[in-house]
Protein chains: 4
Amino acid sequence: MIVVLGAGHTKSDCEAVVRKIEDAGLRSQVVEGVERTIVGVVGDSHTKELLREGLEVMNGVESVVRILQPYKLVSREFHGGKDTTVWVRDVAIGGGRVVVMAGPCSVETRDQVLQTARAVKLAGAQLLRGGAFKPRTSPYSFQGLEEEALKILAEARDETGLPVVTEAMDNRQLDLVVKYADMIQLGARNMQNYTLLRDAGQTGHPVMLKRGPSATIEEMLLAAEYIMAEGNPNVVLCERGIRTFETYTRFTLDLNAVPVLKRLSHLPVIVDPSQGTGKWNLVTPMARAAVAAGADGLLVEVHPEPDKALSDGPQQLTPQNFAVLMQELDAIALAVGRRV
Amino acid sequence: MIVVLGAGHTKSDCEAVVRKIEDAGLRSQVVEGVERTIVGVVGDSHTKELLREGLEVMNGVESVVRILQPYKLVSREFHGGKDTTVWVRDVAIGGGRVVVMAGPCSVETRDQVLQTARAVKLAGAQLLRGGAFKPRTSPYSFQGLEEEALKILAEARDETGLPVVTEAMDNRQLDLVVKYADMIQLGARNMQNYTLLRDAGQTGHPVMLKRGPSATIEEMLLAAEYIMAEGNPNVVLCERGIRTFETYTRFTLDLNAVPVLKRLSHLPVIVDPSQGTGKWNLVTPMARAAVAAGADGLLVEVHPEPDKALSDGPQQLTPQNFAVLMQELDAIALAVGRRV
Amino acid sequence: MIVVLGAGHTKSDCEAVVRKIEDAGLRSQVVEGVERTIVGVVGDSHTKELLREGLEVMNGVESVVRILQPYKLVSREFHGGKDTTVWVRDVAIGGGRVVVMAGPCSVETRDQVLQTARAVKLAGAQLLRGGAFKPRTSPYSFQGLEEEALKILAEARDETGLPVVTEAMDNRQLDLVVKYADMIQLGARNMQNYTLLRDAGQTGHPVMLKRGPSATIEEMLLAAEYIMAEGNPNVVLCERGIRTFETYTRFTLDLNAVPVLKRLSHLPVIVDPSQGTGKWNLVTPMARAAVAAGADGLLVEVHPEPDKALSDGPQQLTPQNFAVLMQELDAIALAVGRRV
Amino acid sequence: MIVVLGAGHTKSDCEAVVRKIEDAGLRSQVVEGVERTIVGVVGDSHTKELLREGLEVMNGVESVVRILQPYKLVSREFHGGKDTTVWVRDVAIGGGRVVVMAGPCSVETRDQVLQTARAVKLAGAQLLRGGAFKPRTSPYSFQGLEEEALKILAEARDETGLPVVTEAMDNRQLDLVVKYADMIQLGARNMQNYTLLRDAGQTGHPVMLKRGPSATIEEMLLAAEYIMAEGNPNVVLCERGIRTFETYTRFTLDLNAVPVLKRLSHLPVIVDPSQGTGKWNLVTPMARAAVAAGADGLLVEVHPEPDKALSDGPQQLTPQNFAVLMQELDAIALAVGRRV
């Protein structure tokens, strides 16, 4: 951490800063520049963090610059540079294979889910996704079938063998999701719902954490840190589109996040081109691009009849289009030394 | 609602759209243009909303344009054009007076809170604010004193008579906040936490809803609609800064939201220049500007010793600076025909 | 400037960094932390800037942090903390009075301009604005009357005594604007048109520089630095709305920019609520708020018949509404110790 | 185009709207809804565009919704759905091959350029890029060697046979660029510099138009429309990163733009992962992803000694890394049925 003293600071301003740093048990080192003075702060990072804002308001101080990343458990550096593999039942996320999770945006009927599950399994998907609790912008939109949906998903898993991933939005839903499903999805709007992150951490269940639509990479890693800090190492990061000025697509899928997250963290990274673009005809090119950028997996929405879907029809693939996508992905995965 | 059929659509595409609309019990009217055909959809807005995405994926359809605002209870139009006043104990928010809520970002000690409460009361504040549960980006930052903080706030209210507003982040915290405090704050990161919005709606307690840092005005009004749809009309809207590319300030306080929200909704609108700028020396000019723009109130962070604050020190005013602010506000309020 | 060496850097990485710094004639000072090493760089800021990116790509280097602001001539610090007043003929911008510039978005006819000029003069405006060259998103929109418009504006000045401000978009237009008008407007889309900034600097004419819709404050100040670096000190900064996610307004007028620019720079700061909001009924509340935030002036679009305007009708005030606005501004200006 | 009359409009408001539409020679059709009335406007799109803002300010009108895209010459629909190929000397952009343009950010010395040109030619690049005029945020940064640089580039072309692409920032530079180079680059900051777009259109020379960092897709296509409207069909679109909240990368390369631009327009689309990310170690994964998303080409910065570069060193590849990239691209190109 570095404290910058601005033009016009006095010698006693600088001494007060040094005293505050040393009173907290940290070491300081002063570098006098032509127009500014900087004070390097050395020592325990937790102590530095607690001191930071207090230094920022002292007389003569222009800014306080953080040098270290504020996260630990999720960082690649802390993990010895190695990749983590997260297991969801017998499926490994983060290994050599590109894992595809597929299924409908919302669970609507038993038939819809079973039919979709069989189709995506046949095409090569390894997990089944489907929404039981739906976060909707309007209170008047379809909000999900709740526990009934979870039962249907569990039945589809029992028939096809595909582990199930589904979203929970609060502690009460979390209990139900852990009971029926194999992986908890924490949605984009809840990426900074800290009590939910902690609760999910305490379950020990695998968690797929979606990036908030205007979150930075650092904020996403800090959200994952909340889960890991509760002792749960089974976290998969999911890029699902950020909000930008573009209105043609629903969000802007940010594929830069894939190589950046892989550099900064050891956790597996998957990509959701369905939510990320909001348009089914962009799903295939962006899914191909995601694998080429190094993604460990994909989350793809598939619905037997998208025009009758109760939510997000425009972004769901038909089972036929999904099968074509899976073949195209295979060629790309081979080109980057992986397999689907 | 309007369905736009693009270049190259066939007559039977158009007929299928009309059939789908009429099968749902709505009326349609076709307008044939030079290059496009548009189909106006008339009837119950709820039915239209459910049909919207299904129409969007039909053959030949280029887009579906929503004409009506998707919210109702919060809209000025629905409320006969009149303003709503929300009462928090004996304080009216949304009437002729500009209401100032003040107090520390976080409750740290009994002394700190009592001292601040007395000072802000003396300077003219009408509500006491203070955080018991703190949403922090990092799991390693100070997270609040929880129930102990709520007890301290209640004691300060009992001594000064200032009603208390404080944040709840989930249903368990909500029970405690309702027990001890007079107004629930729903924070920016929870603006789209739909189960929390519903739970807060069911309490019937006054709610201050903060705008999410990248939420649009429409999304904010839909969040308020969630609360009101549970039968709770006591909602105050709070602008607290949006995320932009600017890095000099922590957020960009969006004062345009004040006149826009007042036009679209009947609910009171207050402004938080402390969170909104993140710098104490910008609080006063932006507070003045907020009142000039028509705000019904302000939320201002005050701490007896900002350099020792456990959270957000750089944006908190000293009691002395707060007293000066209150005097300056008075002059502005008079200039727009109100009083502080 | 500070060079941060990351985890895993070697002693010789650090030595190479120090050598590169000293070879450039700068001094260095090494601070060894627990996990990182930082190297403070002391000396001439221009040399540091040229060295910066070269240091960033060296082995072991994690980042290079700039401590000094990259601008000089525009900075308040460099100017001894005093405000600058820019004179446009006999009108002082940046003194005690709030200066209002008013007139139509585009010059359309002689009558329209003369009628507007008389009306805004009567209501208290001090400069006349009107567009001769119009930057339009579509090549098929009205592009301005060019030199003919400049002649009309000059005639209106000669009759009313109001100095004229109008936009130039390239060097050829600049020659014409300098010939006929009293102040050059550099528009938001040209804020980073560096050859134009230089050309405008060389004229010595007063310049009003509008902030780009997604420019940061620092980028805006660097653009002003381009003009001043050519020897032209007559620069007025204009906040005119930034692009955000909000779609209800055309842009988001950023009033935070007013106190921030006044802190960082000595140049006068004005605000354009017409462009900034795109809606005439938001112009008055935002103009009031701008003055309350400390703006030195306003730019307001006025058109005798907004529904017949060839550009931006929805954001132009009628002369009647403009007169009301001027009265309301007076009350606010008095409340902050100024006059309109 | 559709005019929406809001709640509370009167019958005579609607009649006035219809009259204004028909007076302009257009047809109207009224659709009465439950709470709103909409008026469809049919006829010549240019007339509609000129009428649009005038309708927006009429009594009772809530909004005016544009149905047609505002661009024509650049649209795929207008071009019969076929792709365009742009020839730069003997190199075809937009055909079956993925075209790579490579070279240094800035031309610094004759040696640097010749050495780079030979290396990138050997590795398979088809065009040489290099900056002679550099748009820099600060007036104190290196601004380019100007005409001397153009002569060096021309010499490198003569030796290697690689056509040259380089940026012009105003009409004076344009004359020089057309004299020495084979393709004009219009940079991101000039995407809405309308006089420059027109001037470039009039040259007839091939133009590479870079997307502005906060431009929407529609604005980019309108900028290309300006060039084509002057009779120059040789336009290549280049995605080069948009500004988002992320600070780890310099910009956020938006690969969604590739399939979206290919759907909406017939023009070739290339991607610049060097500018788009600002970090050399992200160039390779993002270049792979761009080709997988369907890009027709790439623009890659290559410098023999990035740590000594006078601009943008951190984002330039060494010739060795560039050669590796070219091999990896080949595998991806084959997977999507193309060749590099």
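Anyway, here's the lowdown on the structure attached to this text. (Residues numbered from 1 in each chain as written. Chains lettered and ligands numbered in written order. Predicted model: local features only at pLDDT ≥ 70, side-chain atom pairs only at ≥ 80, totals over all residues. Heavy atoms only, no water.)

Notes on the environment of Gln275 of chain C
All names here are of chain C. Counting through the fold element by element, Gln275 comes out in helix H9 (residues 273-277). The exposure class of Gln275 is buried, given its relative accessible area of 11%. With residues up to four places along the chain from it excluded, the contact list for Gln275 reads Lys210, Arg240, Arg250, Phe251, Glu301, Asp312 and Gln315. Separated by 3.3 Å, the side chains of Gln275 and Asp312 make a polar contact. (Helix = DSSP H or I, 4+ residues; strand = E, 2+ residues; numbered from the N terminus. Buried < 20%, exposed > 50% of the residue type's maximum accessible area, 1.4 Å probe, protein only. Contact = heavy atoms within 4.5 Å. Polar contact = N/O pair within 3.5 Å; in protein donor to acceptor, adjacent residues only side chain to side chain.)

As for helix H6 (residues 194-203) of chain D
Counting buried positions along H6 of chain D yields seven of 10 residues, so the element is predominantly enclosed. Along H6 of chain D, the positions that sit buried rather than exposed are Tyr194, Thr195, Leu196, Leu197, Asp199, Ala200 and Gly201 of chain D. Packing partners of the buried residues in H6 of chain D comprise helix H5 (171-180) of chain C together with helix H5 (171-180), strand E10 (183-186), strand E11 (207-210) and helix H7 (217-229) of chain D. At the exit of H6 of chain D stands Gly204 of chain D, carrying a positive phi of roughly 80 degrees.

Thoughts on the relation of the copies chain C and chain B
Least-squares fitting of chain C to chain B yields an RMSD of 0.0 Å, with the transformation described by 0.0 Å of translation along the axis and a rotation of 180 degrees. Both copies are brought into coincidence by an operation consistent with a two-fold rotation axis. Taking C-alpha positions as reference, the residue of chain C nearest the rotation axis is Ala289 of chain C, located at 2.1 Å. (Least-squares fit on C-alpha atoms with pLDDT ≥ 70 in both.)

Concerning the interface of chain C and chain B
Opposite the 32 residues of chain C that make contact, chain B presents 32 residues. Between chain C and chain B the total buried area reaches about 2,700 Å² when both faces are included, carbon and sulfur atoms providing 68% of it. When residues of chain C are sorted by the area they lose upon contact with chain B, Glu246, Tyr248 and Asn256 of chain C head the list and together hold 20% of the total. Between chain C and chain B we count two salt bridges in total. Residue Glu246 of chain B pairs with Arg211 of chain C through a salt bridge whose shortest N-O separation is 3.7 Å. For the pair chain C and chain B, the interface holds six residue pairs in polar contact (both at pLDDT 80 or more). Taken together, the elements giving at least two residues each to the side of chain C that touches chain B come down to helix H8 (257-264), helix H10 (280-293) and helix H11 (319-335) of chain C. (Buried area = accessible area lost by both parts, 1.4 Å probe. Salt bridge = Lys/Arg side-chain N within 4 Å of Asp/Glu carboxyl O.)

What about the interface of chain A and chain B?
Listed as interface residues are 44 residues of chain A and, on the opposing side, 44 residues of chain B. When residues of chain A are sorted by the area they lose upon contact with chain B, Glu53, Tyr140 and Arg243 of chain A head the list and together hold 15% of the total. Remark: the boundary between chain A and chain B carries six salt bridges. Notably, a salt bridge pairs Lys20 of chain B with Asp307 of chain A, separated by 3.8 Å at the nearest N-O pair. Counting across the interface, chain A meets chain B through 27 residue pairs in polar contact (both at pLDDT 80 or more). Where the side of chain A that touches chain B is concerned, the elements lending two or more residues are helix H2 (45-56), helix H5 (171-180), helix H6 (194-203) and helix H7 (217-229) of chain A. Of the residues that constitute the side of chain A that touches chain B, the class distribution is 15 nonpolar, 15 polar and 14 charged. (Nonpolar A, V, L, I, M, F, W, Y, C, P; charged D, E, K, R; others polar.)

Topic: the sheet that holds strand E2 (residues 27-32) of chain A
Residue and element names in this part refer to chain A. Taken in spatial order, the four strands make up an open sheet running E2-E3-E1-E4, and their pairing is antiparallel. Each edge of the open sheet carries a strand with a single partner, namely E2 and strand E4 (61-65). The mean angle between the axes of side-by-side strands here comes to 20 degrees, regardless of whether they run parallel or antiparallel. Where strand E1 (residues 2-5) meets E4, four bridges bridge the pair, whose relative direction is antiparallel. Bridge pairing in E4 links Val3 to Val64. (Pairing = 2+ DSSP bridges. Axes fitted to C-alpha atoms, helices over the stretch in contact; angles between N-to-C directions.)

So, the packing of helix H3 (residues 110-123) of chain A against helix H11 (residues 319-335) of chain A
Residues and elements named next belong to chain A. For the pair H3 and H11, the least separation of the axes is 9 Å and the interaxial angle reads 20 degrees. When the axes of H3 and H11 are compared, the pair comes out roughly parallel. Helix-helix and strand crossings are classified by hand; for H3 and H11 the assignment is right-handed. On H11, the residues that touch Ala119, Val120 and Ala123 of H3 are Pro319, Phe322, Ala323 and Met326. Counted by class, the contact of H3 with H11 contains seven nonpolar, no polar and no charged residues. (Parallel < 35°, antiparallel > 145°, perpendicular 65-115°, else oblique. Left-handed = near helix turned anticlockwise from the far one by under 90°.)

Worth remembering: the numbers are spatial, not functional.
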